[in-house]
Structure formats: structure tokens, C-alpha cells
Amino acid sequence: RRPDLTPTTDVARCKPTLADPATAEPAEAAADGTDITQWIGPTADASIQVDLGTAVPLGTVTVTRSAVTTFASTTGGKGVTMPTRSAGERVEASTDGTTWRTIATVSSPTLSDVVAGDGRPARYVRLVALGATATVPLIVGELSVQARQS
């Protein structure tokens, strides 16, 4: 997979990602520069985090999703494509990857959720599913982070 090389202010793009649980969709799909690829978290405690590499003053956090989602077949046949419907998400930030602070809770996600950051330092940003299930999972097409400009 070749990352998107177009210059950007997205400090999360192509940075290391970690997802729980591991799924058929790679965690890297959530920060590769496009919402065509995606990560799907099918459990109530699903989460995905990105390591920004260095602490930045947290600006906006944006989660985008494609209008349609293809789910892998559970029987080995063709996948099923349907309109995207994602579980809600809690946006969290951390300087050490251990102690997290809540930035926002998005109970009714859309195809583009934009959350204002708190301006405090953050090296890690994660999304935690709110009530995700196999039929309404947490869907992350792209997780992008902007550093707050002073």
C-alpha cells in the first residue's frame, strides 16, 4: 500500500496506528490519506489510535466516512455493500498513550465529524466506539488531526 504523498497539514496521515480488536481491515486504513479505505470496529469496546510521533497542540480532529461501506462476507462469498451507518465515538487524546482525556463525544456520527481540539499537547489521538455491534460498527474512513496554530 502506497501512502498518499500529497502535502498536507494532517499530522496523523500515514502515522503508526493501532486498533483493537484486530480486524480484516488494517488499522493503517484509518490514517492513509483517503476515506475510500476504512477500518471497521465491530465490538462495543473497539478503538483505534494514531501515534502522531511528537506532541502537538491539539487542533481539530476529523473523522470521515465513505457514503457506502462494503462488509466482508462471513461465508466466503462476495461482500455486502450498503449505506454507511456508524456507531458513535468518543474522541480522546494523550501525551503518553496511557492516560487519556476526553475531547468530545459524538453520539450521532455523520459522514464527516469535525471536533474542536482543546489546544493542549497530544501525541496520541484515539477513537473509542460507543455501543458498536457487528451490524452497526464503528466505521473510520479517515482519522485526521490538525495541530492548533498559535
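Note that this is a predicted model, so its numbers are computed, not measured. (Residues numbered from 1 in each chain as written. Predicted model: local features only at pLDDT ≥ 70, side-chain atom pairs only at ≥ 80, totals over all residues. Heavy atoms only, no water.)

**Some thoughts on the overall build of the chain**
- Summing up its helical and strand segments, the chain has zero helices and 11 strands in all.
- For the chain, the sequential pattern of α-helices and β-strands runs β-β-β-β-β-β-β-β-β-β-β.
- For 150 residues, the compact-globule estimate of 2.2 N^0.38 gives 15 Å, and the chain sits close to it at 15 Å.
- Considered along the principal axes of its C-alpha atoms, the chain spans approximately 50 × 35 × 25 Å.
- Evaluated residue by residue, the chain yields a buried proportion of 44% over its 150 residues.
- Long-range contacts, defined here as pairs at least 24 residues apart, represent 69% of the contacts in the chain between residues at least 6 apart. (Helix = DSSP H or I, 4+ residues; strand = E, 2+ residues; numbered from the N terminus. Rg over C-alpha atoms; globule rule 2.2 N^0.38 Å. Buried < 20%, exposed > 50% of the residue type's maximum accessible area, 1.4 Å probe, protein only. Contact = heavy atoms within 4.5 Å.)

**Some points on the pattern of salt bridges**
- Scanning all chains against the criterion turns up six salt bridges.
- Where R126 meets E92, a salt bridge forms, and the shortest distance between an N and an O atom there is 2.5 Å. Highlighted residues: R126 in strand β9 (residues 121-130) and E92 in strand β6 (residues 88-94), separated in sequence by 34 residues.
- One network of salt bridges, in which partners are shared, links R65, E89 and D113. (Salt bridge = Lys/Arg side-chain N within 4 Å of Asp/Glu carboxyl O.)

**Quick word on unusual backbone geometry**
- For the bond running from D20 to P21, omega is 5 degrees, close enough to zero to count as cis.
- Looking at the secondary structure, you find P21 in the loop between β1 (17-20) and β2 (39-41).
- At C14, a position not held by glycine, the phi torsion is positive, near 65 degrees.
- Turning to its location among the elements, C14 is positioned in the segment before β1.

**Here we look at the side chain of D113**
- Structurally, D113 is set in strand β8 (residues 112-115).
- A distance of 2.8 Å separates a polar side-chain atom of D113 from the backbone nitrogen of T110.
- Contacts of D113, omitting those with residues within four sequence positions, involve V61, T62, V63, R65, E89 and V106. (Polar contact = N/O pair within 3.5 Å; in protein donor to acceptor, adjacent residues only side chain to side chain.)

**Some remarks on the environment of G131**
- In this structure, G131 sits in the loop between β9 and β10 (138-140).
- Beyond its immediate chain neighbours, meaning those up to four positions away, G131 contacts A44, A87 and V136.

**Some words on the packing of aromatic side chains**
- Applying the stated rule across the entire model yields one aromatic pair.
- Between W100 and Y124 the ring centres are 6.5 Å apart and the planes differ by 65 degrees, which places this aromatic pair in the edge-to-face class. In this pair, W100 is assigned in the loop between β6 and β7 (101-106) and Y124 in strand β9, connecting sequence segments 24 residues apart.
- Of the residues examined, Y124 reaches a relative accessible area of 14% and is grouped as buried.
- The ring of W100 carries R126 above its face, with NZ or CZ at 4.1 Å from the centroid. (Phe/Tyr/Trp six-rings, centres within 6.5 Å; stacked < 30°, edge-to-face > 60°. Lys NZ or Arg CZ within 6 Å of the ring centre and 35° of its normal.)

**Describing the side chain of Q38**
- If you trace the backbone, Q38 turns up in the loop between β1 and β2.
- Of the residues examined, Q38 reaches a relative accessible area of 11% and is grouped as buried.
- Once you skip the residues sitting within four places of it in the chain, Q38 turns out to touch E25, A29, T69, T70, I139, V140 and G141.

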